[in-house]
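Commentary on secondary and tertiary structure
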Amino acid sequence: MKLVTSLGAGAAFWLSSALTGATAQDLNVLCGVDKDWCLTMEAAFEQTTGLDVAMARRSTGEILEQIRDEKDDPQVDVWWGGTGDTHLQAAAEGLLEPYRPAHTGDALPWAQNFYQLSGGTASGVYAGALGFAYNSSVLTGNGLKAPSCWKDLTDPRYLGLVQLANPNSSGTAYTFLATLVQLLGEDEAIRYLAALAHNISHFTTSGAAPVKAAARGETGIGISFIHDAVTQQQAGAPLVIVAPCEGTGYEIGAVSIVKGAKHLQAARRFVNYSMSPEGQATGAASGQNQIPSNARAALPPAAPDISLIRMVDYDFATFGSPEQRRRLLDRFDKEVLGNSSPVVTQ
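Quick look at the structure, then. Along each chain, numbering runs from 1 in the same order as the chain's sequence is written. Thresholds applied to this predicted model are a pLDDT of at least 70 for local features of residues and 80 or more for the giving and counting of side-chain atom pairs; totals over whole chains, interfaces and linings are not thresholded and use all residues. Only hydrogens and water are set aside when side-chain values are computed; all heavy atoms of the structure are taken into account.

1. A few points about the overall build of the chain
A helix here means a DSSP run of H or I that spans at least four residues, while a strand means a run of E at least two residues long, and both kinds are numbered starting from the N terminus. Counting its secondary structure elements, the chain contains 14 helices and twelve strands. Radius of gyration: over C-alpha atoms. The globule rule applied is 2.2 Å multiplied by the number of residues raised to the 0.38 power. Its C-alpha atoms give the chain a radius of gyration of 19 Å, near enough to 20 Å, the size a compact globule of 346 residues would have. When its C-alpha atoms are laid out on the principal axes, the chain stretches across 55 × 45 × 40 Å. For the chain, the proportion of contacts with a sequence separation of at least 24, taken over those separated by at least 6, is 77%. We call two residues in contact when some of their heavy atoms are within 4.5 Å.

This is the structure we're talking about:
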């Protein structure tokens, strides 16, 4: 009951902060996961520590841009959630503060490797595989065969029935772009995306928005992380989740302290909590299905078994490079967005 009460208070504070632009005295956090998890984490941390938290949800690319813009006078203390390669880009630009969380020794090997790769500035909190989900009712109503591979999504019969986020704002979509480059080679990946763009009705800002649209029947197919589709499926949406036949990429969601954070001790407490079994349990408590990085944290019952999915050996070092990100996004803007008709929306 205490958590429910705190969550209600957290939601009210969230709305107040969003409307007024106010920030709390104790800690300012930008959150890159689903808003429900942001709220649950905010409430649980406040209840555990007694600190006031101002937490705002943003897409990963938007968070990176804000931290860049504020580097001379940071207004944010912690960046929590969002794809790890974007955290690595911030680390490479000197925007993050080194810190070894209290629970680093309990982290699974992939999270420990990520921490080392970041130079000790970003810690892996969760993992999840990329895929897509289709609304069986929408496809059946249009007399369409179900897709099972990435290549299927370029079929002209899916015209206007696919949604994907914009990789400029979405870490999910940037992971998709990087995954295709690793699967197909860069030139072929760009050609694939240009063909796919003909079927895309909207490039959204948020990475989870496409699969949420598919769940509501507003589109037929949403490209997203599989755990986001599982959450919609659990809520009753007629979604069928696909791990593409060619293989797929994955994310390591991370937490980082912003260099020059004004509330450094509180920021360290938040990072410690986010890496603890209790902090990671807030994911399942909010209906999320990512795989937690702490070996002592409980796995959400509906979390996808990524050992059954064909995965690329995702190169975080290369695709976490600011130069590589900028170059790939420039090609995407010019050769995909520049030659397609879909609009960019929220």
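That shown, we press on.
2. Quick look at the layout of surface pockets
Buried and open spaces are told apart on a 1 Å grid over the protein atoms alone, a cavity being a set of points where a 1.4 Å probe fits but cannot get out and a pocket being an open set with protein on both sides within 12 Å along at least five of seven lines. Residues with an atom within 4 Å of a point are the lining residues. Grid points are joined across faces, edges and corners, and a volume is the space filled by probe spheres set on the points. The space that makes up the second largest pocket amounts to roughly 270 Å³. If you list the elements that add at least two residues to the lining of the second largest pocket, you get strand S3 (78-83), helix H7 (171-184), helix H9 (209-216) and helix H10 (226-234). Lys, Arg, Asp and Glu make up the charged group, whereas Ala, Val, Leu, Ile, Met, Phe, Trp, Tyr, Cys and Pro make up the nonpolar group; the residues left over, Gly among them, are polar. Residues of the lining of the second largest pocket, tallied by class, amount to five nonpolar, twelve polar and seven charged.

3. Re the pattern of salt bridges
For salt bridges, the criterion is a side-chain nitrogen of Lys or Arg within 4 Å of an Asp or Glu carboxyl oxygen. Enumeration over the complete set of coordinates arrives at 13 salt bridges. With its nearest N and O atoms 3.1 Å apart, the salt bridge here joins aspartate 106 to arginine 296. Here the residue aspartate 106 occupies a position in the loop between strand S4 (96-97) and helix H5 (109-117), and arginine 296 occupies one in the loop between strand S11 (291-292) and helix H13 (316-319), the gap between them amounting to 190 residues. Since its relative accessible area comes to 51%, arginine 296 is described here as exposed. Taking the shortest distance from any N to any O, the salt bridge between glutamate 188 and arginine 191 comes out at 3.0 Å. Pair noted here: glutamate 188 and arginine 191 are both in helix H8 (residues 186-197), with a separation of three residues, about one helical turn. Under the relative-accessibility criterion, glutamate 188 is labelled partly exposed at 36%. With a 1.4 Å probe rolled over the protein chains alone, any residue whose accessible area is under 20% of its type maximum counts as buried; one over 50% counts as exposed, and the rest are partly exposed.

4. Here's the deal with the packing of H9 against H10
At a minimum axis distance of 9 Å, the contact between H9 and H10 shows a crossing angle of 25 degrees. Here H9 is positioned roughly parallel relative to H10, judged by the angle of their axes. Considering only the axes of H9 and H10, their crossing is right-handed. Across the interface between the two elements, Val211, Lys212 and Ala215 from H9 touch Asp228, Ala229 and Gln232 from H10. When grouped by side-chain class, the residues that make up the contact of H9 with H10 number three nonpolar, one polar and two charged. Every axis corresponds to a line fitted to the C-alpha atoms, with the helix fit spanning only the stretch in contact, and the corresponding angles, defined between N-to-C directions, vary from 0 to 180 degrees. Relative orientations are named as follows: roughly parallel for angles under 35 degrees, roughly antiparallel for angles over 145 degrees, roughly perpendicular for angles from 65 to 115 degrees, and oblique for any other angle. By definition, any crossing whose near helix is turned counterclockwise from its far helix by less than a right angle is left-handed, and any crossing with a clockwise turn is right-handed.

5. Some words on helix H2 (residues 35-49)
For H2, spanning 15 residues, the distance from its first C-alpha to its last is 21 Å, which sits close to the expected 21 Å at 1.5 Å a residue. The opening residue of H2 is aspartate 34, an N-cap whose side-chain oxygen sits 3.0 Å from the backbone nitrogen of aspartate 36. A positive backbone phi angle near 80 degrees is found at glycine 50, which sits one or two residues after H2. Here the expected span of a helix is defined as 1.5 Å times the quantity of residues minus one. Any N or O atom pair separated by 3.5 Å or less is treated as a polar contact, with the protein-specific requirement of one donor-capable and one acceptor-capable atom, and with residues adjacent in sequence counted only for side-chain atom pairs.

6. What about the state of the cysteines?
The disulfide criterion used throughout: a pair of cysteine sulfur atoms within 2.5 Å. A complete count under the given rule lists two disulfides for this structure. Here cysteine 31 engages in a disulfide with cysteine 38; their sulfurs sit 2.0 Å apart. With the S-S dihedral at roughly -85 degrees, the linkage between cysteine 31 and cysteine 38 falls on the left-handed side. The residues cysteine 31 and cysteine 38 share a single accessibility class, namely buried. A sulfur-sulfur distance of 2.0 Å marks the disulfide that ties cysteine 149 to cysteine 245. Since a negative S-S torsion denotes a left-handed disulfide, the cysteine 149-cysteine 245 link at about 120 degrees is right-handed. With cysteine 149 in the loop between helix H6 (136-141) and strand S6 (162-165) and cysteine 245 in the loop between strand S9 (239-242) and strand S10 (250-258), the pair connects residues that are 96 residues apart, well separated along the chain. Given a relative accessible area of 5%, cysteine 149 falls into the buried group.

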